[in-house]
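Observations on the three-dimensional arrangement
This is what each chain is made of:
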Amino acid sequence: MELALWTYEGPPHVGAMRIATSMRDVHYVIHAPQGDTYADLLFTMIERSQRRPPVTYTTFQARDLGGDTAGLVKTTVQDAYDRFKPAAMMVGESCTAELIQDQPGSLAQGMDLPVPVVPLELPAYSKKENWGASESFYYLVRHILANAPADQIASRPDPADASGRRPLANVLGPTSLGFRCRDDVIEIRKLLNLVGVDVNVVAPLEATTADLLQIPAADFNICLCPEIANTTCKWLKRTFSQPVVATVPIGVGATLDFVREIQEITGIDASAALDAELSRLPWYSRSVDSTYLTGKRLFIFGDGSHVVAAARIAREELAFEVVGIGTFSREMARDVRAAAEALELEALITDDYLDVEEAIANAQPELVLGTQMERHIAKRLGIPCAVISAPVHVQDFPARYSPQVGFEGANVIFDTWVHPLTMGLEEHLLHMFRDDFEFNDQAAPSHLHAGEGAAASEAPAPTTADNPDANSPASWTPDAEQELRKIPFFVRGKARRNTEAYARDAGHPNITIETLYEAKAHYAR
Amino acid sequence: MSSATLCDIPVTLERGQREVFCGLTGIVWLHRKMQDAFFLVVGSRTCAHLLQSAAGVMIFSEPRFATAIMQEKDLAGMADANDELDRIVERLLSRRPDIKTLFLVGSCPSEVIKLDLGRAAQRLSVAYNGQVRVLSYSGSGIETTFTEGEDTCLETMVRAAPQTDEQQLLVVGTLPDVVEDQLERLLDACGITEAAGKLAFFPPRRAETIPAIGPKTRFLLAQPFLNATRRALIGQGAVHIPALFPFGVEGTSAWLHSAARAFDVRKERVDTACAAPVARARKALEHYRHTLQGKTLWFMPDSQLEIPLARFLASECGMQLLEIGVPYLDQQTLSVELPALPENSGIVEGQDVDKQLERLHQATPDLVVCGLGLANPLEAQGVTSKWSIELVFSPIHGFEQVGDLAELFARPLQRKLKLAV
């Protein structure tokens, strides 16, 4: 058994639901007990989906267990087919049904339905959501392509008469509940058009079963979300000899690499995309206002592909210092470990959010990039945070266009990461005016009447000095405490923590003004 | 479908896909109520995922609930699973020495593999030797529906309660503290507390101090889904005071009057004590009545609050009931509520969600009360909806909340009128 307070990923059948919900004409029947229908709300509430997920559950209860649960599966499959008339069905089970071993996939396959029936076996006690999504997408694509009559499957034009036509690409991986997939699909289409590549099929998001039959017509596949599409892309490479563009184009450097990779595979001239500076990120990052971003300490945690991309952007494109990096995804652990090694860090591979919280607290970053979990952790620790990866809440499905991939994605990322930090010019102003009587944390905002707001700003921030424990026996002398108050309030907490840590390590029982400045020198960079 | 008649109200039984939460959801409000208790679900990743999806953004600290996620190796042998559980509990309790009561909560997988959590709870209670009391109940979807998880939890607590011969009044069902305080003041003012000798609320705010129960205990239910709890209390000798549930002016007045009759308190005394809060509640209700009056209403089966709320919305807000879906119906618990419904209220027990939605679209109600999975798709089809989960998280009982309760239903209708997009 594994103790979980919060989980990064749901069970594998939720991954399968994401594939079914992404597709436009696939219906998924899950053999599952009453209550498992909660998963519908992930789509209808978090993603604000306007339709119910195309999923039917058997919702068995205890009284059904003594009876014919296999019969229940068949009735449910038949009713779902009759009602929804899908072009293909996926049939599987959730964790509880796995234990009663009705094998719903095989049962449904034996029913002679007039549409392809894809049985899903997703071991719920050893695997998780992204794996479930990846396998389901792979099973679906393979089943459709392997069972269709040859004349229904599109074939690739002979490369010999490729002259005069633009190369064709499939974009694989964008999925319902994926991070910014909706906008990434639009942005990747724009980018490919600019490069001179036409899009053949995007799947699974908004694809139909008929679209899947068109997949082999493309010259190559773009694995946009490796968590979802890696297995499928590998199979397509083996089966249809379609090369795979593996670089995920998040960040300016990765986007350029992505274009170069396409250039190599297709032989087209992509200089239009490579030579013009099409993102504002490079100039914004070079501009003097961004000087203050130099060496900002960053902690990055999330799924594999977004973390790896974020690490590169942080180091190469914003000149941040990555002080911690990790993923909850064991499937992506190798990629994240490699990225960590390049940064001379050890990757944190865990799905226990308490471990992540501890690592963040220890690393004392100035900005956290993560999922909704890290957003909550950062909020509790008083650290700015930007969300870069699923799982996310409703506010991370924004109304505005906000892709992550391509040149516009880089612009979005620049804004999203930089805004939580204090703006450069403002930081100078804060220093300049910090001794003004109006400008300190005791003063009420000038636009409020005297007295208003003072109560809020006087509320003491929780400090370790207020909660003495065995680990921080050092006590502040009044002089040092006075000196600490002269430090701008937004870095004061950190100064206090650093000084106390320094005093503890150095064995100083009392913190004097000397200790404060010794600590400042110690932690200077 | 089959039909039966209940207090002259036709009840249709339906079977099919049920779009409801399982009983684990109750942990979300039970752990807020009993702040010295920890809820450990023994289940799967699905259980953990459900809990955090249902709890959503509402709570995010280190919560007082968690899931012991069973893995492949746990399913191999029973002895293994018990050892694993002991190890998890040890880790948990060493992290949280403030925990005085630990609930082991059964789930679908733990029940299908017949993991005996009752015995595990006994074993662990002995092991922690009075430091921590370990209790167990089922929150599984195969045994419980949504609020029924509170019912099974309280049932377990009733069985763990000490005996007493003292006369007392017990108010049973989780209520927000603020509502509990209001009801306590009312019961005092009506002279009911004095006549009863003692007043206690169940569950208590600290699980450590479960109120004693005995043959001189009389109890009022504050929530309509406590069927097993009611039976367990009767089993301990306690006497149920049947009453309307304290929703709306009429429900709250009737609830107090029923208690008064049980303890021979004069009706006039209750009327006097209630006069001012009743006047306030009527005034508050008046703000929303014009919005709700004459509007048609449809309940999808969900929280099990449907019948008393339907009674309130029909009788005090003038709404027309088209269909009242309920996950299950206990006629004894609802013996006073059912006759208070308007004639020809269509009650449907159980669910076949697709058929129900077809009927709903035929009937075109002005407002649908439903779960989170259905609300946005209905809105997208132009059907105004009210999420039922808010009804279990918001204070809605008693006189002082009558206006708030009506407002919950009026808001989506008013919003629809305001929006020009």
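Since this is a predicted model, take the numbers as computed values, not measurements.

Here we look at the pattern of salt bridges
Here the idea is simple: oppositely charged side chains can pair when their charged atoms come close. Enumeration over the complete set of coordinates arrives at 46 salt bridges over all chains. With a closest N to O distance of 2.8 Å, A:Asp183 and A:Arg182 form a salt bridge. Among the residues examined, A:Arg182 registers a relative accessible area of 44% and is labelled partly exposed. Residues B:Glu14 and B:Arg359 are paired through a salt bridge, measuring 2.8 Å at the closest nitrogen-oxygen approach. In this pair, B:Glu14 sits in strand β2 (residues 9-14) while B:Arg359 sits in helix α15 (residues 353-363), placing the two residues 345 residues apart along the sequence.

Some details on the domain arrangement of chain B
Residues and elements named next belong to chain B. Entries for chain B in the domain assignment read domain 1 (2-18 + 281-420), domain 2 (23-144) and domain 3 (168-273). Using only C-alpha atoms to locate each centre, domain 2 and domain 3 end up separated by 30 Å. In this complex, domain 2 contributes ten residues to the contact, which on the side of domain 3 involves twelve residues. Both faces combined, the contact of domain 2 with domain 3 buries some 900 Å², and carbon together with sulfur accounts for 56% of it. Among the residues domain 2 hides against domain 3, the three largest losses belong to Lys33, Met34 and Asp36. Together they make up 59% of the total. Inspection of the region where domain 2 meets domain 3 yields three salt bridges. As a salt-bridge pair, Lys33 and Glu180 come within 2.6 Å of each other at their nearest N and O atoms.

Some points on the interface of chain A and chain B
A common way to report how large an interface is uses the accessible area buried once the components associate. Contact residues are listed per partner, giving 58 residues for chain A and 67 residues for chain B. Interface area lost by chain A to chain B is led by A:Met1, A:Leu3 and A:Trp6, which between them contribute 19%. For the pair chain A and chain B, the interface holds seven salt bridges. A:Arg83 serves as the salt-bridge partner of B:Glu358, at 2.5 Å between the closest nitrogen and oxygen. When its residues are assigned to classes, the side of chain A that touches chain B shows 26 nonpolar, 16 polar and 16 charged. Relative to strand β4 (residues 65-69) of chain B, strand β1 (residues 2-4) of chain A runs antiparallel, the two sharing three bridges. Bridge pairing links A:Leu3 to B:Ala68 in β4(B).

Some remarks on the pairing of strand β7 (residues 198-203) of chain A
Residues and elements named next belong to chain A. The sheet contact formed by strand β6 (residues 168-172) and β7 spans four bridges and is parallel. By the bridge assignment, Ala169 is partnered in β7 with Val199. Handedness of the crossover is the feature at issue here: the chain leaves β6, passes through helix α8 (residues 181-195), returns alongside β7, and the resulting connection is right-handed.

Brief notes about the environment of A:Gln152
All names here are of chain A. Within the secondary structure, Gln152 is located in the loop between α7 (129-147) and β6. Residue classification places Gln152 among the partly exposed residues on the basis of a relative accessible area of 45%. Taking C-alpha positions, Gln152 is 43 Å from Arg337, a pair spaced 185 residues apart along the chain.

A closer look at the sheet that holds strand β9 (residues 217-221) of chain B
Residues and elements named next belong to chain B. Across the sheet, which stays open at both edges, the four strands sit in the order β8-β7-β9-β10 with parallel pairing between neighbours. Single-partner strands in this sheet number two, and they are β8 (199-202) and β10 (239-240). Inspection of the sheet shows strand β7 (residues 168-172) paired to β9 by five bridges, in the parallel sense. Note on β9: the bridge partner recorded for Leu169 is Arg218. Against the sheet, helix α10 (residues 227-235) makes contact with β7, β9 and β10, and its axis sits at roughly 170° relative to β9, the strand it touches most.

Notes on the sheet that holds strand β3 (residues 37-43) of chain B
Judged by pairing direction, the sheet is mixed, and its five strands sit side by side in the order β1(A)-β4(B)-β3(B)-β5(B)-β6(B) without closing on themselves. Two strands close off the open sheet at either side, each with one partner strand: β1 of chain A together with β6 (133-138) of chain B. Along the sheet, successive strands turn relative to each other by an average axial angle of 25°, direction set aside. In this structure, strand β5 (residues 101-106) of chain B lies alongside β6(B), joined through six bridges in parallel fashion. Residue pairing for β6(B): B:Val105 is matched across the bridge by B:Tyr137. The sheet strands contacting helix α2 (residues 45-55) of chain B are β1 of chain A together with β3 and β4 of chain B, and the helix crosses β4(B) at an angle near 160°.

Regarding the domain arrangement of chain A
Looking at chain A, the domain boundaries give domain 1 (12-129), domain 2 (152-275), domain 3 (281-426) and domain 4 (468-525). With centres defined by C-alpha atoms, the gap from domain 2 of chain A to domain 4 of chain A works out at 54 Å.

Focus on unusual backbone geometry
One can expect most non-glycine residues to show negative phi and most peptide bonds to be in trans. Residue and element names in this part refer to chain A. Of the consecutive residues Ala203 and Pro204, the connecting peptide bond is found in the cis state with omega at 5°. The omega torsion across Ala390 and Pro391 is 5°, close enough to zero to call that bond cis. Looking at the secondary structure, you find Pro391 in the loop between β14 (385-387) and α18 (406-418). The backbone of Arg48 shows a phi angle near 55°, a positive value even though the residue is not glycine. Here Arg48 is to be found in the loop between α2 (40-46) and β3 (55-57). When its relative accessible area of 52% is taken as the criterion, Arg48 is described as exposed. Even without glycine at this site, Gln101 takes up a positive phi of about 50°.

Digging into the environment of B:Lys283
Within the secondary structure, B:Lys283 sits in helix α12 (residues 267-292). A relative accessible area of 62% places B:Lys283 in the exposed class.

What counts, and where the lines are drawn
Residues numbered from 1 in each chain as written. Chains lettered and ligands numbered in written order. Predicted model: local features only at pLDDT ≥ 70, side-chain atom pairs only at ≥ 80, totals over all residues. Heavy atoms only, no water. Salt bridge = Lys/Arg side-chain N within 4 Å of Asp/Glu carboxyl O. Buried < 20%, exposed > 50% of the residue type's maximum accessible area, 1.4 Å probe, protein only. Helix = DSSP H or I, 4+ residues; strand = E, 2+ residues; numbered from the N terminus. Domains from an automatic or database assignment. Contact = heavy atoms within 4.5 Å. Buried area = accessible area lost by both parts, 1.4 Å probe. Nonpolar A, V, L, I, M, F, W, Y, C, P; charged D, E, K, R; others polar. Pairing = 2+ DSSP bridges. Right-handed = clockwise from strand over helix to strand, strands pointing away. Axes fitted to C-alpha atoms, helices over the stretch in contact; angles between N-to-C directions.

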